[in-house]
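# Fold and geometry: a report
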Amino acid sequence: MKTLVCFGDSITSREKSDDGSLRLTSRVRLSLQKWNVINAGVPAETTRVALTRFQEDVLRHNPDLVTILFGANDASSHRLIEVEEYKNNLEYMIEKLGPSKVILVSPSPVNERFQHARSNEGLKHYAKAVRELAKKYNTHFVDLWAEMIGKDYCQMLNEDGLHFNKKGYKLLADLVIRKMEKLTKACSTKPMLQQ
């Protein structure tokens, strides 16, 4: 059985929301039953803190694929990790795993009416950094920022303007599942190497 580790902050953490609806890993697990899906999300975390548990929570599982979704806390006024350090931290993760095992996910926009510790103007730079890293390393990439900013994204967020509701998790999980199905299909259609 292949292993997927979902590495991130509170957007990734937990299997279910308070209303009982499924979150990222539980939705992926339900759709891709041939995969062992491990939730390695920790609330309130930045990429700087995430590096301290990277070996234990990600590399130890020898994963076939890893989703990496950080940025909401790196971009927050009370925990601020500058974009350059954010990029360096993500680069470290990519290089340790190998680009072919990484699905980078850009951070999502916030509802600024309710979310005062983060701005979309600031978050936009973190999303851009993820896009640039995906291109530089040729990793797999889910542009969550572009997917949400192009829709009525406030309808996908909880009352705090940051965390996802049922609609938000459906979108995120669908994007990850589609990406994984595409990768699995691509692997199965590759011709066998000549002996």
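Residues numbered from 1 in each chain as written. Predicted model: local features only at pLDDT ≥ 70, side-chain atom pairs only at ≥ 80, totals over all residues. Heavy atoms only, no water.

## Focus on the overall build of the protein
Scanning the protein from N- to C-terminus turns up 7 helices and 5 strands. In the protein, the order of α-helices and β-strands from amino to carboxyl end is β-α-β-α-α-β-α-β-α-β-α-α. In terms of C-alpha radius of gyration, the protein reaches 16 Å, essentially the compact-globule figure of 16 Å for 195 residues. Over its C-alpha atoms, taken along the principal directions, the protein stretches across nearly 60 × 35 × 30 Å. Put simply, the protein has 195 residues, and 52% of those count as buried. If you take every contact in the protein between residues at least 6 apart in sequence, the share linking residues at least 24 apart comes to 75%. A total accessible area of about 10,100 Å² is found for the protein, and carbon and sulfur atoms account for 52% of it. Placing the 30 positive and 24 negative side-chain charges of the protein at their respective mean positions leaves the two points 6 Å apart. (Helix = DSSP H or I, 4+ residues; strand = E, 2+ residues; numbered from the N terminus. Rg over C-alpha atoms; globule rule 2.2 N^0.38 Å. Buried < 20%, exposed > 50% of the residue type's maximum accessible area, 1.4 Å probe, protein only. Contact = heavy atoms within 4.5 Å. Areas by Shrake-Rupley, 256 points an atom, 1.4 Å probe, with all protein chains shown as cover. Lys, Arg positive; Asp, Glu negative; His and termini not counted. Charge placed at Lys NZ, Arg CZ, Asp CG, Glu CD.)

## Focus: the side chain of E45
Among the structural elements, E45 can be located in the loop between β2 (35-41) and α2 (47-50). E45 gets classed as buried once you look at its relative accessible area, which sits at 5%. Here the side chain of E45 touches R53 through a polar contact of 2.6 Å, side chain to side chain. The residues contacting E45, other than those within four sequence positions of it, are G8, D9, A50, R53, F70, N73 and D74. (Polar contact = N/O pair within 3.5 Å; in protein donor to acceptor, adjacent residues only side chain to side chain.)

## Remarks on the pairing of strand β1 (residues 2-8)
For β1, the buried fraction is high: 6 of the 7 residues fall into the buried class. Note that β1 and β2 share 7 bridges and pair parallel. Paired with C6 across the bridge in β2 is N39. The parallel pair β1 and β2 is bridged by helix α1 (residues 24-31), and the resulting crossover is right-handed. Where β1 lies against strand β3 (residues 65-69), 5 bridges are found, and the strand directions are parallel. Paired with V5 across the strands is V66, a residue of β3. (Pairing = 2+ DSSP bridges. Right-handed = clockwise from strand over helix to strand, strands pointing away.)

## Some details on the side chain of R23
Relative to the elements of secondary structure, R23 occurs in the loop between β1 and α1. D18 provides the closest opposite charge to the buried, salt-bridge-free R23, at an N-O distance of 6.4 Å. Here the side chain of R23 touches S13 through a polar contact of 3.4 Å, landing on its backbone oxygen. With near-sequence residues (within four places) excluded, R23 lies in contact with S10, I11, S13, R14, E15, K16, S17 and Y169. (Salt bridge = Lys/Arg side-chain N within 4 Å of Asp/Glu carboxyl O.)

## A few points about the nonpolar core
In terms of nonpolar packing, the biggest core is built from 31 residues, with F7, I68, Y86, M93 and L104 touching the most fellow members. Secondary-structure elements contributing two or more residues to this core are β1, β2, β3, α4 (83-97), β4 (102-105) and α5 (120-137). In terms of residue count, α5 provides more of this core than any other element does, 8 residues in total. Beyond its immediate stretch of four places on either side in the chain, F7 contacts T12, A40, A50, R53, F54, V58, V66, T67, I68, L69, F70 and M93. In terms of nonpolar packing, the next biggest core, distinct from the first, is built from 28 residues, L24, L65, Y153 and L157 among them. (Core = buried A, V, L, I, M, F, W, Y, C linked by side-chain atoms within 4.5 Å.)

## Topic: the sheet that holds β4
A sheet is described by the order of its strands in space; here 5 strands give the open sequence β2-β1-β3-β4-β5, paired in parallel fashion. Of all strands in the sheet, those with a lone pairing partner are β2 and β5 (140-142), marking the two edges. Neighbour-to-neighbour, the strand axes of this sheet turn through a mean angle of 20°, independent of strand direction. Lying on the sheet, α4 is in contact with β1, β3 and β4; it crosses β3 at an angle near 180°. Here α5 sits on the sheet and contacts β4 and β5; the angle it forms with β4, its principal contact strand, is near 155°. (Axes fitted to C-alpha atoms, helices over the stretch in contact; angles between N-to-C directions.)

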